[in-house]
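# Structural description and commentary
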Amino acid sequence: MPLIPPRLPAPDDAPTGGPVSEADFHRLALAAGHWRKVRSASRLAAFNALSLAIVGGFALLAAFVQILAGLTRGHIALSAFAGLLLGGGLLAIAAIEQRGRSRLLQLDPAGGTLLAWNQVALLAVVVLWCGGKLAAALAGPNPYESVIRDNPQIAPMLQPIIDAYATMTVIVYATAIAISTLFQSYCARLYFAAARQVAATIAATDPWIVRVLRLAA
């Protein structure tokens, strides 16, 4: 005679108790609320890391194209080497951004601090790059002057552009520095706040809840 397995309890027959009490559920809910704030910072870090990797990759590609073109002419422009430094620096910052994000998701306050200072480093790169471009544009010759020498008949048409070249150059690079200052400052403040939030959460949360949150990351 075949053995008949015991009937599994129906959902209505399931016991109402469990290893997690209502107080534990309450503490989990509070920790989950703090966790959502950390997730918002981690999403920003993911966006920044991807954006920096794309821009850095294009900068490296453009620099390599410049170098190859320079090799065919027998002269490599200094801007090609500057592009290599820029692309490499942005890729390094993108890698640090991703590392800080991973540490933040593991509820490591140092991850938020790393992300914040990484934004300061990025701002420094932007200021140095734009400042160098601005100085080179203002101290060097006007690029439209060579066009006029080769095509004097279009001089009247290009003269307004030549007159506004210095002003427009200052506006473009100063605007880039201002926008970067605002955005990187916002990111740094958010990351510092996330680091403080993580530290406070760990200090006020049971270790087993912290482990659950880390596993959920």
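What you see is a predicted model, and the numbers here were worked out from it, not measured in a lab.

What counts and how
- Residues numbered from 1 in each chain as written.
- Predicted model: local features only at pLDDT ≥ 70, side-chain atom pairs only at ≥ 80, totals over all residues.
- Heavy atoms only, no water.
- Helix = DSSP H or I, 4+ residues; strand = E, 2+ residues; numbered from the N terminus.
- Contact = heavy atoms within 4.5 Å.
- Areas by Shrake-Rupley, 256 points an atom, 1.4 Å probe, with all protein chains shown as cover.
- Core = buried A, V, L, I, M, F, W, Y, C linked by side-chain atoms within 4.5 Å.
- Buried < 20%, exposed > 50% of the residue type's maximum accessible area, 1.4 Å probe, protein only.
- Expected span 1.5 Å × (residues − 1).
- 1 Å grid on protein atoms, 1.4 Å probe; cavity = no way out; pocket = protein on both sides within 12 Å on 5 of 7 lines; lining within 4 Å.
- Points joined across faces, edges and corners; volume = space filled by probe spheres on them.
- Nonpolar A, V, L, I, M, F, W, Y, C, P; charged D, E, K, R; others polar.
- pLDDT = per-residue confidence, 0-100.
- Salt bridge = Lys/Arg side-chain N within 4 Å of Asp/Glu carboxyl O.
- Axes fitted to C-alpha atoms, helices over the stretch in contact; angles between N-to-C directions.
- Parallel < 35°, antiparallel > 145°, perpendicular 65-115°, else oblique.
- Left-handed = near helix turned anticlockwise from the far one by under 90°.

### A closer look at the overall build of the protein chain
In terms of regular secondary structure, the protein chain is built from 6 helices and 0 strands. Moving toward the C terminus, one meets the helices and strands of the protein chain in the order α-α-α-α-α-α. Sequence-distant contacts in the protein chain: of pairs separated by 6 or more residues, those separated by 24 or more amount to 75%. Looking at the protein chain as shown, the accessible area adds up to about 13,700 Å², and 71% of this sits on carbon and sulfur atoms.

### Remarks on the nonpolar core
A general trend in soluble globular proteins is that nonpolar side chains are found buried together. Core analysis: the biggest nonpolar cluster contains 13 residues, and Ala-41, Leu-104, Leu-115, Tyr-191 and Val-198 have the highest contact counts within it. Looking at this core, the elements with two or more residues in it are helix H1 (22–73), helix H3 (109–139) and helix H5 (155–204). A per-element tally of this core places H5 first, with 5 residues. Contacts of Val-198, omitting those with residues within four sequence positions, involve Val-38, Leu-104, Leu-107, Asp-108 and Pro-109. In this structure, Leu-90, Ala-94, Leu-122 and Val-126 belong to the second largest nonpolar core, which totals 9 residues.

### What about helix H2 (residues 78–105)?
Counted at 1.5 Å a residue, the expected span for H2 with its 28 residues is 40 Å, and the 41 Å between its end C-alpha atoms agrees. Burial in H2 covers these residues: Ala-80, Gly-83, Leu-86, Gly-87, Leu-90, Ile-93, Ala-94, Glu-97, Gly-100, Arg-101, Leu-104 and Leu-105. Positive backbone phi, at 60 degrees, marks Leu-107, one or two positions downstream of H2.

### As for the layout of surface pockets
By volume, the second largest pocket is sized at about 220 Å³. As for the second largest pocket, its lining consists of 14 residues, and the residues nearest its centre are Leu-52, Val-55, Leu-90, Leu-122 and Val-126. Residue classes in the lining of the second largest pocket are distributed as 11 nonpolar, 3 polar and no charged.

### Describing the confidence of the model for the protein chain
Taken as a whole, the protein chain shows an average pLDDT of 78; of its residues, 67% reach a score of 70 or greater. Mean pLDDT per element in the protein chain: helix H4 (residues 143–150) is the minimum at 61, and H3 is the maximum at 90. In this model residues 1–16 is a low-confidence stretch, pLDDT under 50, and it forms 1 contact with partners more than four residues away in sequence or in other chains.

### Looking at the pattern of salt bridges
Should their charged atoms come close, side chains of opposite charge can pair. Here the structure, examined in full by the defined rule, presents 1 salt bridge. Residues Arg-103 and Asp-108 are paired through a salt bridge, measuring 3.1 Å at the closest nitrogen-oxygen approach. Exposure remark for Arg-103: the relative accessible area of 28% places this residue in the partly exposed category.

### Regarding the side chain of Gln-119
Along the chain, Gln-119 falls in helix H3. What makes Gln-119 buried here is its relative accessible area of 1%. Beyond its immediate stretch of four places on either side in the chain, Gln-119 contacts Asn-48, Glu-97, Gln-184, Cys-187, Ala-188 and Tyr-191.

### Overview of the packing of H2 against H3
Running from N to C, H2 and H3 point in directions that differ by 165 degrees, and their axes come no closer than 8 Å. Put simply, H2 runs roughly antiparallel to H3. You can see that H2 and H3 cross each other, and the crossing is left-handed. Each of Ala-82, Gly-83, Leu-86, Leu-90, Ile-93, Ile-96, Glu-97, Arg-99, Gly-100, Arg-101, Arg-103 and Leu-104 in H2 lies in contact with H3, whose residues at this interface are Ala-110, Gly-111, Gly-112, Leu-114, Leu-115, Asn-118, Gln-119, Ala-121, Leu-122, Val-125 and Trp-129. The residue makeup of the contact of H2 with H3, split by class, is 13 nonpolar, 6 polar and 4 charged.

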